[in-house]
Amino acid sequence: MKILLLNGTVVGTKTKTLLHEIDKYIVGLKAEYETKQINLENYQMEFVDGRPYDQYNEDMQYLIREMEQADAYVIATPIFQGSIPGTLKNVFDAVSPLAMRHKPVSIVANGGTLQHHLVIENQLKPILNYFRCLVTPNYVYTHTNHFSTQGELIDEDVHNRLQEMTRVFHQYIQMSKEI
């Protein structure tokens with residue numbers, strides 16, 4: 001099974017750090033999963049405006065294919081101005097609603113304050129519910145104090161929650177095979 005680890009921003013390092021930790025925990029499951037990390041900063045994205053797939057540049061076509069061909073997702077996002085980044089929403093706008101149906105998704109997010117976790121509930125989960133994804137209930141939200149000044153994840157509780165989320169994600173992957 002192909003798990004796509006999607007970093008939904010073009011700036012910063014904290015979401016990359018979270019995905020790196022999750023990748024280690026997925027490998028630790030000793031299941032036959034292939035993980036692939038996509039960092040949107042590495043692609044020349046175009047605004048999705050409804051034109052046919054083949055009229056977007058190669059990078060956008062690649063991102064759409066990767067999203068649609070994955071079997072499961074871990075989506076990492078910062079919270080900017082009380083919202084998900086436009087880059088992440090743009091990727092969702094490019095993907096067919098049928099492509100993510102019944103596929104497991106776990107969410108990790110980072111924001112400057114504890115209150116920004118509500119963005120996951122009020123913005124990201126409704127988008128994923130529209131796609132009819134199997135969203136794990138235990139997302140992990142972090143804030144600045146969970147990281148060192150060098151960007152390393154230093155909070156033991158966050159490590160434990162990431163491990164637990166990965167275990168639940170694994171169960172959702174198994175469940176998705178039956179759907």
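Preceding this section is the structure that the text describes.
Because the structure is a prediction, the values reported are computed rather than measured.

**Observations regarding the nonpolar core**
Argument step 1. One finds Met67, Phe92, Met100 and Leu128 to be the most contacted residues of the largest nonpolar core, which totals 35 residues.
Argument step 2. In terms of residue count, helix 4 (residues 118-130) provides more of this core than any other element does, five residues in total.
Argument step 3. The residues touching Met100, leaving out its near neighbours within four places in the chain, are Met67, Tyr73, Phe92, Val95, Val105, Leu128, Phe131, Arg132 and Cys133.
Argument step 4. With 20 residues, the next largest nonpolar core counts Ile22, Tyr33, Val74 and Ala76 among its residues.

**Things to note about the pattern of salt bridges**
Argument step 1. In total, this model carries 10 salt bridges according to the counting rule given.
Argument step 2. A salt bridge links Asp157 to Arg161; its shortest N-O distance comes to 3.0 Å. Placement of both Asp157 and Arg161 in helix 5 (residues 156-176) is noted, with a separation of four residues, approximately one turn of the helix.
Argument step 3. The class for Asp157 is partly exposed, based on a relative accessible area of 44%.
Argument step 4. Given the relative accessible area of 29%, Arg161 is considered partly exposed.
Argument step 5. Of the charged contacts in the structure, one is a salt bridge between Glu164 and Arg167, with a shortest N-O distance of 2.6 Å. Taken together, the positions of Glu164 and Arg167, both in helix 5 and three residues apart, correspond to about one turn of that helix.

**Concerning the packing of aromatic side chains**
Argument step 1. Under the definition given, this model contains three aromatic pairs.
Argument step 2. On the numbers, 6.0 Å between centres and 45 degrees between planes, the contact of Phe92 with Phe131 is tilted. Of this pair, Phe92 sits in helix 3 (residues 86-94) while Phe131 sits in the loop between helix 4 and strand 5 (134-135), and the two are 39 residues apart along the sequence.
Argument step 3. Pairing Tyr130 with Phe131 gives two aromatic rings, centres 5.7 Å apart and planes at 70 degrees, and the pair type is edge-to-face.
Argument step 4. Since its relative accessible area comes to 56%, Tyr130 is described here as exposed.

**A short note on the pairing of strand 6 (residues 140-143)**
Argument step 1. Neither face of strand 6 is left uncovered, since the one carrying Val140 and Thr142 and the one carrying Tyr141 and His143 both have all their residues buried.
Argument step 2. Note: strand 4 (residues 104-111) against strand 6, four bridges, orientation parallel. Among the inter-strand pairings, Ala109 is bridged to a residue of strand 6, identified as Tyr141.

**Overview of the environment of Ile107**
Argument step 1. Among the secondary structure elements, Ile107 is positioned in strand 4.
Argument step 2. When the C-alpha atoms of Ile107 and Leu134 are compared, they prove to be 11 Å apart, with 27 residues separating the residues in sequence.
Argument step 3. Setting aside residues no more than four positions away along its own chain, Ile107 makes contact with Ile75, Ile120, Leu124, Lys125, Leu128, Val135, Tyr139, Val140 and Met165.

**Observations regarding the side chain of Thr142**
Argument step 1. Within the element layout of this structure, Thr142 appears in strand 6.
Argument step 2. Polar side-chain contacts of Thr142 include one of 2.9 Å to the side chain of Asn110.
Argument step 3. Filtering out sequence-adjacent residues up to four positions away, Thr142 remains in contact with Leu18, Ala109, Asn110, Gly111, Phe147 and Val158.

**Examining the environment of Glu34**
Argument step 1. By secondary structure assignment, the location of Glu34 is in strand 2 (residues 34-39).
Argument step 2. Along the chain, Glu34 and Val74 lie 40 residues apart, while their C-alpha atoms are 13 Å from each other.
Argument step 3. Leaving out residues up to four positions away in the same chain, Glu34 has contacts with Met1, Lys2 and Ile3.

Conventions we followed
Residues numbered from 1 in each chain as written. Predicted model: local features only at pLDDT ≥ 70, side-chain atom pairs only at ≥ 80, totals over all residues. Heavy atoms only, no water. Core = buried A, V, L, I, M, F, W, Y, C linked by side-chain atoms within 4.5 Å. Buried < 20%, exposed > 50% of the residue type's maximum accessible area, 1.4 Å probe, protein only. Helix = DSSP H or I, 4+ residues; strand = E, 2+ residues; numbered from the N terminus. Contact = heavy atoms within 4.5 Å. Salt bridge = Lys/Arg side-chain N within 4 Å of Asp/Glu carboxyl O. Phe/Tyr/Trp six-rings, centres within 6.5 Å; stacked < 30°, edge-to-face > 60°. Pairing = 2+ DSSP bridges. Polar contact = N/O pair within 3.5 Å; in protein donor to acceptor, adjacent residues only side chain to side chain.

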